[in-house]
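# Residue-level structure breakdown
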Amino acid sequence: MLKAVVCDIDGTLTDDRRRISTGAIETIRLFIDRGIPVVLASGNTLCFLDALARMIGTDGAIIGENGGVFQVGYNEAPHITGDRSSCLLAYDRLVSHFEAQEIALLPYSMELRHADVAFARTVPVEEVRSVVSDLPVRVIDTGFAIHLQTPGISKGTALRALAPMLSLSPGDFLAAGDSDNDLEMLEVAGFGITMANGSENLKKIADLVTDQMYGDGFSEGLLSALERFF
């Protein structure tokens, strides 16, 4: 029996243009109204996730920056597990590298991040990986942004740390996501769902791949699991 849900946002609760699926939010609220905890897990910042969680109506447990930081609930101190110093060093090198090509990196919310660095997908991710290959950073392409992260840190490691603080185990969770940055989260969860738009790597390990895409697929998967596992 599963006891909780952890879900990605971009590409899972949204469409490919990041427009939120109202149907997906309604599905989440079915779980919330039954007293089932729901954790939002994203590459986004904590302040973004905190606001979204409040508007959806969860208890405020969130995983941000692809696992580099997490929070047990509203007004709780964040737990920072990533080392941003190495990410900033890598970012400075990338800025110099792409400036030489007259390409500007477009950073996302630099002053609001605790553990990683994120920027727009306006440069080839494989070139990014090559430029910083000798540095202790992990390059993550979410399909919506490129992130520089501490190696060994993921949504899965954050879920392992967060779950006991909620009196749960990672295996108690149903996990839903669409991108390779969700792989570790689905691996440690008790049941994993991806949608028709999910990455091929995610489809290989998911327990359920939905017929529908994006938020519609998320609702399809969770409604299927609600009566079977909860």
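Remember, it's a predicted structure, so these values are computed and weren't measured experimentally.

Reading the values: the criteria
- Residues numbered from 1 in each chain as written.
- Predicted model: local features only at pLDDT ≥ 70, side-chain atom pairs only at ≥ 80, totals over all residues.
- Heavy atoms only, no water.
- Pairing = 2+ DSSP bridges.
- Helix = DSSP H or I, 4+ residues; strand = E, 2+ residues; numbered from the N terminus.
- Contact = heavy atoms within 4.5 Å.
- Expected span 1.5 Å × (residues − 1).
- Polar contact = N/O pair within 3.5 Å; in protein donor to acceptor, adjacent residues only side chain to side chain.
- UniProt positions renumbered as here; feature names shortened; annotations may be inferred.
- Buried < 20%, exposed > 50% of the residue type's maximum accessible area, 1.4 Å probe, protein only.
- Axes fitted to C-alpha atoms, helices over the stretch in contact; angles between N-to-C directions.
- Parallel < 35°, antiparallel > 145°, perpendicular 65-115°, else oblique.
- Left-handed = near helix turned anticlockwise from the far one by under 90°.
- Nonpolar A, V, L, I, M, F, W, Y, C, P; charged D, E, K, R; others polar.
- Phe/Tyr/Trp six-rings, centres within 6.5 Å; stacked < 30°, edge-to-face > 60°.
- Salt bridge = Lys/Arg side-chain N within 4 Å of Asp/Glu carboxyl O.

### Some thoughts on the sheet that holds strand β3 (residues 62-64)
Strand order in the open sheet made by the eight strands is β5-β4-β3-β2-β1-β9-β10-β11, with mixed pairing throughout. Edge strands, defined here as strands with exactly one partner in the open sheet, are β5 (79-80) and β11 (208-209). Pairing of strand β9 (residues 173-176) with strand β10 (residues 191-194) involves three bridges; the strand directions are parallel. Bridge pairing links Leu174 to Phe191 in β10.

### Let's talk about the environment of Val5
Topologically, Val5 is positioned in strand β1 (residues 4-7). Those residues within four positions of Val5 in sequence are excluded, and the remaining contacts are Phe31, Ile36, Pro37, Val38, Val39, Phe173, Leu174, Leu222 and Phe230.

### Some thoughts on helix α1 (residues 22-33)
Between its terminal C-alpha atoms α1 stretches 16 Å, which fits the 16 Å expected from 12 residues at 1.5 Å a residue. In this fold, the buried residues of α1 make contact with β1, β2 (38-41), α2 (46-56) and α8 (214-229). Note on α1: the residue one or two positions beyond its end, Gly35, has a positive phi of about 80 degrees.

### So, the environment of Phe144
Topologically, Phe144 is positioned in the loop between β7 (138-141) and β8 (146-149). For the pair Phe144 and Arg19, spaced 125 residues apart in sequence, the C-alpha to C-alpha distance is 12 Å.

### Observations concerning the side chain of Thr142
Relative to the helices and strands, Thr142 is located in the loop between β7 and β8. A polar contact of 3.1 Å, which involves the side chain of Thr142, links it to the backbone nitrogen of Phe144. With residues near it in sequence (within four places) discarded, Thr142 still touches Asn66, His147, Ser179 and Asn181.

### Digging into the UniProt feature "active site" (unreviewed entry) in the chain
Under the UniProt annotation, "active site" (unreviewed entry) lies at Asp8. In this fold, Asp8 is placed in the loop between β1 and α1. Judged by its relative accessible area of 5%, Asp8 falls in the buried class. The residues contacting Asp8, other than those within four sequence positions of it, are Leu13, Ala41, Ser42, Lys155, Ala176, Gly177, Asp178, Asp182 and Met185.

### Quick word on the packing of α1 against α8
Any two packed helices are characterised by the angle at which their axes cross and by the distance between the axes. One can describe the packing of α1 onto α8 by two numbers: an axis separation of 8 Å at closest approach and a directional angle of 25 degrees. Considered as vectors, α1 and α8 are oriented roughly parallel to each other. For the crossing formed where α1 meets α8, the hand is left-handed. From α1, Gly23, Ala24, Thr27, Ile28, Leu30 and Phe31 reach across to α8, where they touch Gly215, Phe218, Ser219, Leu222, Leu223 and Leu226. Each residue belonging to the contact of α1 with α8 can be placed in one class, and the counts come to eight nonpolar, four polar and no charged.

### Regarding the packing of aromatic side chains
Per the stated rule, a full pass over the model turns up three aromatic pairs. On the numbers, 6.0 Å between centres and 45 degrees between planes, the contact of Tyr91 with Phe119 is tilted. With a gap of 28 residues between them, Tyr91 in helix α3 (residues 84-99) and Phe119 in strand β6 (residues 117-119) connect regions that are remote in the sequence. Among the residues examined, Phe119 registers a relative accessible area of 0% and is labelled buried. Between Phe191 and Phe229, the aromatic rings sit 4.7 Å apart at their centres with planes inclined by 45 degrees, giving tilted as the arrangement.

### Looking at the sheet that holds β7
Taken together, three strands build an open sheet; the order of strands is β6-β8-β7 and the sheet is antiparallel. Each of the sheet's edge strands pairs with one partner strand only, and the pair in question is β6 and β7. Across this sheet, the average inter-strand angle for adjacent strands is 20 degrees, counted without regard to direction. In this sheet, β8 lies alongside β7 in antiparallel orientation, the contact comprising four bridges. Residue pairing for β8: Val139 is matched across the bridge by Leu148. Sheet contacts for α3: β6 and β8; angle to β6, the most-contacted strand, approximately 35 degrees.

### Considering the pattern of salt bridges
One pass over the structure, following the stated rule, counts 12 salt bridges. Put simply, Asp8 and Lys155 hold a salt bridge, and the shortest N to O gap is 3.0 Å. Of the two residues, Asp8 sits in the loop between β1 and α1 while Lys155 sits in helix α5 (residues 155-165), which places them 147 residues apart along the sequence. Comparing Asp8 with Lys155, the two get one shared label, buried. Two residues, Arg138 and Glu184, come together in a salt bridge whose shortest N-O distance is 2.8 Å. Note that Arg138 is positioned in strand β7 and Glu184 in helix α6 (residues 183-188), a separation of 46 residues in sequence.

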